[in-house]
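# Fold and contact review
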Amino acid sequence: MVQIPKQQAAPDPAPTAPSPPPDPEPQDADQRVPHPVPTSADVARLAGVSRATVSYVLNNTRAVRISEPTRRRVREAAKELGYVPHAAARSLRAGHTRMVLMPTPQIPVGPLFNQFFSELQWALSRFDYTVVQYGSLGLTGEEAARAWAELRPVAVLAPDATALGARGVSVLKRSGAKAVFTLGPQRAEGAHALLMDQRLVGRSAAEHLLARGRRRIGVVVPEEPGLEPFSRPRLDGVRAAVRGTGDGGVTELPLGYGEDSAARLAGRWRGLGLDAVFAYNDEYAMLLMRALQDEGIRVPDDAAVVGADDLMLGRLLRPRLSSVRIELPSGRGLAELVDRVVREPGARPEVHDVLGASVVHRESS
């Protein structure tokens, strides 16, 4: 018998050393070794000046005279090192920031005011202020002022004097704000006022229409919520101008911002007995003018139309739209005023009328 030999188990393999991990990918030295944060002392050494000089230059201190070559050398050193002043530390020393707080308006604003605010922000930045727009989320009065004060702004430009109030102004000043301004038709006690009296816009439109022989004037009042601080004073301005003539009348015309609402108003236009309309602004004017034309009402023969803001689009219509051109202060001039008040915080509150209005006559009226 042939015996088949038993199969022997293979011996365990000898343990092997684990393979070394692959060499790491070469990295840039800047990625491997973190750089220390540059300090004002580093800037001073590179520029060959004292730390105090660095502080004076980078903080735009006017009380100390420093030559322009030295200022340039310090700025170039700071740029080379990537040095940025520590805002929090600077705020602790000064008791406030270089921040100008601009709470966002609770009402929608048009292109004209958006352009004004953009120009103002740019101009303030030229004075080394940081402009921060703050969404108040429905806060008003002292509650809003406390929320703004937490950021320790050096100045606040509040869009609504009535919502801020005297107590709100006091809260901001106690927190270190050196300048509090309100923009709008009213004042707040203790604050500098930049008055924008919207009645002037309505009065200018009415005077233009009266001069063109129109006597029965309709005034569009937008139905959209939040526009009352603009629309009601403009209506009052029209009424005041017409009342001064001793004849004619004013009809309030609620209008929603939509084609259906404009079509309904145009459909009952002939029964209103109106020969002119001030349509609040150019957008509502263009909306209504198209609806009137669709209804067969001739502009300006049957109804003269005037808007406000003097938008470019209104000039492209047929007939071209007459409009109240609103004149706002230059951003640079207002920035200079803010800077002056910040440097002279003890001065009495100032009042400035900053809104002007004039009608640009075109074919629609």
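Quick summary incoming for the structure in this document. Note on numbering: residues in each chain are counted from 1, in written sequence order. Reporting of local features is limited, given that this is a predicted model, to residues whose pLDDT is at least 70; pairs of side-chain atoms are given and counted only at 80 or more, and all residues count toward the totals for whole chains, interfaces and linings. Only heavy atoms go into the side-chain values, all of them from the structure, while hydrogens and water stay out.

Moving on: helix 4 (residues 68-81). Look at helix 4: 20 Å from first C-alpha to last across 14 residues, which is about the 20 Å you get at 1.5 Å a residue. Note on exposure labels: buried denotes an accessible area under 20% of the residue type's maximum, exposed denotes more than 50%, and partly exposed covers the range between, all computed with a 1.4 Å probe on protein chains only. Note on conventions: DSSP H or I runs of at least 4 residues are helices, E runs of at least 2 residues are strands, and numbering of each starts at the N terminus. By the burial criterion, the buried members of helix 4 are T70, R71, V74, A77 and A78. The buried side chains of helix 4 occupy one side of the element, clustering within an arc of 130 degrees when seen end-on. Structural note: helix 4 exposes K79 and E80 on the side pointing more than 90 degrees away from its buried face. Two residues form a contact once any of their heavy atoms are found within 4.5 Å. Next to the buried residues of helix 4 lie helix 2 (40-47) and helix 3 (51-58). Note on helix 4: the residue one or two positions beyond its end, G82, has a positive phi of about 75 degrees. Take the number of residues in a helix, subtract one, and multiply by 1.5 Å to get its expected span. It is the directions from the helix axis to the C-beta atoms that the arc portrays.

Side-chain rings of Phe, Tyr and Trp, where Trp is taken by its six-membered ring, are said to pair if the distance between their centres is within 6.5 Å; with planes under 30 degrees apart they count as stacked, over 60 as edge-to-face, and otherwise as tilted. Enumeration over the complete set of coordinates arrives at three aromatic pairs. Linked through ring pairs, Y257, Y280 and Y284 together constitute an aromatic cluster. Two conditions define a charge located above a ring, namely a distance within 6 Å from the ring centre to NZ of Lys or CZ of Arg, and an angle within 35 degrees of the ring normal. The cationic tip of R98 hangs over the ring face of Y129; the distance from NZ or CZ to the ring centre is 4.1 Å. Note that R234 overlies the ring of Y280, its terminal NZ or CZ placed 5.0 Å from the centroid.

One side-chain nitrogen of Lys or Arg within 4 Å of one carboxyl oxygen of Asp or Glu is enough to make a salt bridge. A full pass over the atoms with the stated rule returns 19 salt bridges. Residue R325 is joined to D310 by a salt bridge in which the shortest nitrogen-to-oxygen separation is 2.9 Å. With R325 in strand 10 (residues 322-327) and D310 in the loop between strand 9 (304-308) and helix 14 (312-315), the pair connects residues that are 15 residues apart, well separated along the chain. Judged by its relative accessible area of 37%, R325 is partly exposed. Across the pair E336 and R332 runs a salt bridge whose closest N-O atoms are separated by 3.4 Å.

That bond from V299 to P300 is cis: its omega, 10 degrees, falls within 30 degrees of zero. Summarising the element assignment, P300 is placed in the loop between helix 13 (282-294) and strand 9. Omega for the peptide link from R318 to P319 comes to -5 degrees, which places this bond in the cis form. Its identity as a non-glycine residue notwithstanding, D310 has a phi of 55 degrees, on the positive side.

Before going further, it helps to spend a moment on the sheet that holds strand 5 (residues 192-195). Taken in spatial order, the six strands make up an open sheet running 2-1-3-4-5-11, and their pairing is parallel. For this open sheet the edge positions go to strand 2 (130-134) and strand 11 (351-353), each flanked by a neighbour on one side alone. Across the sheet, the axes of successive neighbouring strands diverge by a mean angle of 15 degrees, strand direction being ignored. Summarising the sheet, strand 1 (residues 99-103) and strand 3 (residues 155-158) pair through two bridges and their orientation is parallel. Along strand 3, the bridge assignment pairs L101 with V156. To obtain each axis, a line is fitted to C-alpha atoms, and for helices this fit is confined to the stretch in contact; angles are then taken between N-to-C directions over 0 to 180 degrees. Lying over the sheet, helix 6 (residues 111-126) contacts strand 1, strand 2, strand 3 and strand 4 (179-184), oriented at roughly 170 degrees with respect to strand 1. When DSSP locates at least two bridges between a pair of strands, those strands are taken to pair.

Looking now at a nonpolar patch on the surface. Surface patches are defined over residues having more than 30% relative accessible area and no salt bridge, joining like charges when they lie within 9 Å and nonpolar side chains (Val, Leu, Ile, Met, Phe, Trp, Tyr) when within 5 Å. For accessible areas, the Shrake-Rupley method is used with a probe of radius 1.4 Å. Any residue's cover is judged against the shown protein chains and nothing else. A grouping of M312, L313 and L316 is seen on the molecular surface, where their side chains present a nonpolar patch of about 330 Å² in accessible area. Checked against the element boundaries, L313 lands in helix 14. Judged by its relative accessible area of 51%, L313 falls in the exposed class.

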